[in-house]
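Remarks on the overall topology
Listed below are the residues making up each chain.
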Amino acid sequence: MSFSFKPLPLAVGIVILVGLGLQGCSVQSANKSGNTAKSDTSRTLTPYFTAATAKIKTPDADGFLQRWLLLEPIVKPNRSNTVFTDSYLRSAFATEYFPNQFSILPKNGDKVKVGEQQLTWHALESTTFNTKLFRFAYGLYKPVYGVLFWAVTVVNCPEEIKNVRMAVGSNSASMWWLNGKEAILLSGDRRMVMDDCVSNRLTLNKGKNIIRGAVINGPGMSDFCVRFLDEKGEPIKNITISYE
């Protein structure tokens, strides 16, 4: 018995090829979008964070600060990041969400009430140079979009260091304070790039220095990175980092 095969009509073949091509594009786009896949159900802080300890912690090889107290995200709906103008951010960050937010040095496990939300502070160490806030929120089953994060850390200096600059990158907008004074504002819709914005000259005091940051984002991923640069633009690494 013999079989004969007839070629598919040209139009049918084109439809099949186009369909396969679109399917391939969909898979590729999903892999590159940064969105959490449906199969990603681990809901853990690992491998992005480890619990902070009392051990001496220095910046990484490039000077980035990796030990932070992070507050679970405050819900602040924004459908777009284009609203993050200087004036909007100053108003948003000046709002008192919880008592003493600009002066308190929280402890691991402390809780605060923000509207109807009860949020917890977590002392964590980032396993990468940038602190992945999206993964922090996702791992704790918290909102990941339309959110405002607060971060605090303590930099300990063996001696006074003058004329340093705070170098920050964040996704999306953020504001940072050193020892209670505004150091730098990153406005607009932006992606996290190391040293995206650099502050004016600052002084790190001998002893404790408190760094406080607020990061706001609508859609998309959220993260930040912070380090200090000396007068020559070199990362400052002869400091230690603690959360108390």
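Scope of this entry: the structure provided in the associated data block. From a predicted model like this one, the values you see are computed outputs, not experimental measurements. (Residues numbered from 1 in each chain as written. Predicted model: local features only at pLDDT ≥ 70, side-chain atom pairs only at ≥ 80, totals over all residues. Heavy atoms only, no water.)

1. Topic: helix α2 (residues 86-94)
Restricting attention to buried positions, one finds in α2 the residues Leu 89, Ala 92 and Phe 93. Buried residues in α2, looked at end-on, bunch into an arc of 90°, giving them a common side. Counted as exposed and oriented over 90 degrees from the buried face of α2: Ser 87 and Ala 94. Contacts from the buried residues of α2 go to β7 (147-157), β9 (173-178), β10 (181-186) and β13 (207-217). (Buried < 20%, exposed > 50% of the residue type's maximum accessible area, 1.4 Å probe, protein only. Helix = DSSP H or I, 4+ residues; strand = E, 2+ residues; numbered from the N terminus. Arc of directions from axis to C-beta. Contact = heavy atoms within 4.5 Å.)

2. Re the layout of surface pockets
Counted as a void, the second largest pocket has a volume near 160 Å³. Tyr 48, Asn 130, Lys 132, Phe 134, Arg 135, Asn 171, Arg 191, Met 192, Met 221, Ser 222 and Asp 223 together form the lining of the second largest pocket. Each residue belonging to the lining of the second largest pocket can be placed in one class, and the counts come to four nonpolar, three polar and four charged. (1 Å grid on protein atoms, 1.4 Å probe; cavity = no way out; pocket = protein on both sides within 12 Å on 5 of 7 lines; lining within 4 Å. Points joined across faces, edges and corners; volume = space filled by probe spheres on them. Nonpolar A, V, L, I, M, F, W, Y, C, P; charged D, E, K, R; others polar.)

3. Some points on the environment of Gly 146
Among the secondary structure elements, Gly 146 is positioned in the loop between α3 (133-139) and β7. Overall, Gly 146 belongs to the buried group, its relative accessible area being 5%. Gly 146 sits 74 residues away from Gly 220 along the chain, and the two C-alpha atoms are 9.1 Å apart. Not counting chain neighbours up to four residues away, the residues in contact with Gly 146 comprise Ile 74, Val 75, Lys 76, Pro 77, Asn 78, Asn 217 and Gly 218.

4. Quick word on the pattern of salt bridges
All told, the structure shown has six salt bridges when counted by the stated rule. The partner of Lys 142 in a salt bridge is Glu 72, with the nearest N and O atoms 3.6 Å apart. Taken together, the residues span a long stretch of sequence, with Lys 142 in the loop between α3 and β7 and Glu 72 in the loop between β2 (67-71) and β3 (74-75) at a distance of 70 residues. The exposure class of Lys 142 is partly exposed, given its relative accessible area of 28%. For Glu 72, a relative accessible area of 6% puts it in the buried group. For Glu 182, the salt bridge identified is with Arg 90, shortest N-O distance 2.8 Å. Of this pair, Glu 182 sits in strand β10 while Arg 90 sits in helix α2; the two residues are 92 residues apart in sequence, bridging distant segments of the chain. Accessibility expressed as a relative area gives 40% for Glu 182, which makes it partly exposed. Given the relative accessible area of 40%, Arg 90 is considered partly exposed. (Salt bridge = Lys/Arg side-chain N within 4 Å of Asp/Glu carboxyl O.)

All quantities given are derived from atomic positions and should not be read as evidence of function.
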